[in-house]
Amino acid sequence: MAPALLAEVMEATWPPAGTRRLGPFTLREGAGGGKRVSAASCDGPFAEAELDAAEAAMAEPLMLVREADAALDAALGRRGWRVIDPVVAYAAPVAALTADLPPLAAFPHWPPLEIARAIWAEGGIGPARIAVMDRVQGPKAVLLARTGDRPAGVAFVACHGSEAMLHALEVRPEQRRRGAGRTLLHAAANWAASEGATRLSLVVTRQNAAARALYDRLGMRVVGQYHYRMK
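Residues numbered from 1 in each chain as written. Predicted model: local features only at pLDDT ≥ 70, side-chain atom pairs only at ≥ 80, totals over all residues. Heavy atoms only, no water.

### Topic: helix 4 (residues 70-78)
For helix 4, every residue scored as buried is listed here: Leu 72, Asp 73, Ala 75 and Leu 76. Buried residues along helix 4 cover an arc of 165 degrees about the axis, so they all sit on one side. Counted as exposed and oriented over 90 degrees from the buried face of helix 4: Ala 70, Ala 71 and Arg 78. Buried residues in helix 4 make contact with strand 2 (25-29), strand 3 (41-42), helix 3 (48-57), strand 4 (62-66) and strand 11 (221-230). Gly 80 lies just past helix 4 and shows a positive phi near 90 degrees. (Buried < 20%, exposed > 50% of the residue type's maximum accessible area, 1.4 Å probe, protein only. Helix = DSSP H or I, 4+ residues; strand = E, 2+ residues; numbered from the N terminus. Arc of directions from axis to C-beta. Contact = heavy atoms within 4.5 Å.)

### Concerning the nonpolar core
Nonpolar side chains in soluble globular proteins tend to end up buried together. Core analysis: the biggest nonpolar cluster contains 33 residues, and Val 157, Leu 166, Leu 185, Leu 200, Tyr 215 and Met 220 have the highest contact counts within it. Sorting the residues of this core by element identifies strand 5 (82-93), helix 5 (94-97), strand 7 (140-147), strand 8 (150-160), strand 9 (163-171), helix 8 (180-194), strand 10 (199-205) and helix 9 (209-217) as the ones contributing at least two each. At eight residues, helix 8 tops the list of elements feeding residues into this core. Leave out the neighbours within four places in its chain, and Tyr 215 touches Tyr 90, Leu 169, Leu 185, Leu 202, Val 204 and Met 220. Within the second largest apolar cluster, 16 residues are counted, among which are Ala 116, Ile 125, Met 133 and Leu 144. (Core = buried A, V, L, I, M, F, W, Y, C linked by side-chain atoms within 4.5 Å.)

Quick look at the structure:
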């Protein structure tokens, strides 16, 4: 999965409230939706004066740094911007992740049911991130998983062409290690297949060992990585 395509799919399936160009930089307005929709990014060579201008234009300077952004990473490091939240991207063919699930093990719907909103809220995913989901223009769905006839977890999935991406996967603490995460991945793939998508991807913080172990077991492979720098 080429880095440019990964960035495109992320932007389409988890969009900021607004963007504007400033030289080679893209500045984003996240409206409280988190780092992914608030961080600026650089789309090519830059001059120090252009970085000065981008930094001055951000109320809370935050930059997304991709693998190809070595010069930007070094420049921000010299300016004292600290590295936060290294992220890894995973992907797999949709066909490799689809599975027959028991009835009501997980079901797609839109807009989010109140129980889905409640589970997200328990994990710190509030109205501002729900608003990110609302902004998605393509096919999208909330997935609600059940374990033992009780709501156990929730996730959001959206399509951009033949690409599907999973976001905001949250499993209730008391329901963890009981298969809800796996069920949500399979349900996302089943939904993606129904929409004609051929690949499912997601991003996860590097230190989330439990989630990464699940993705490895399901045969997903690392296709990219990035981190943030914050002033």
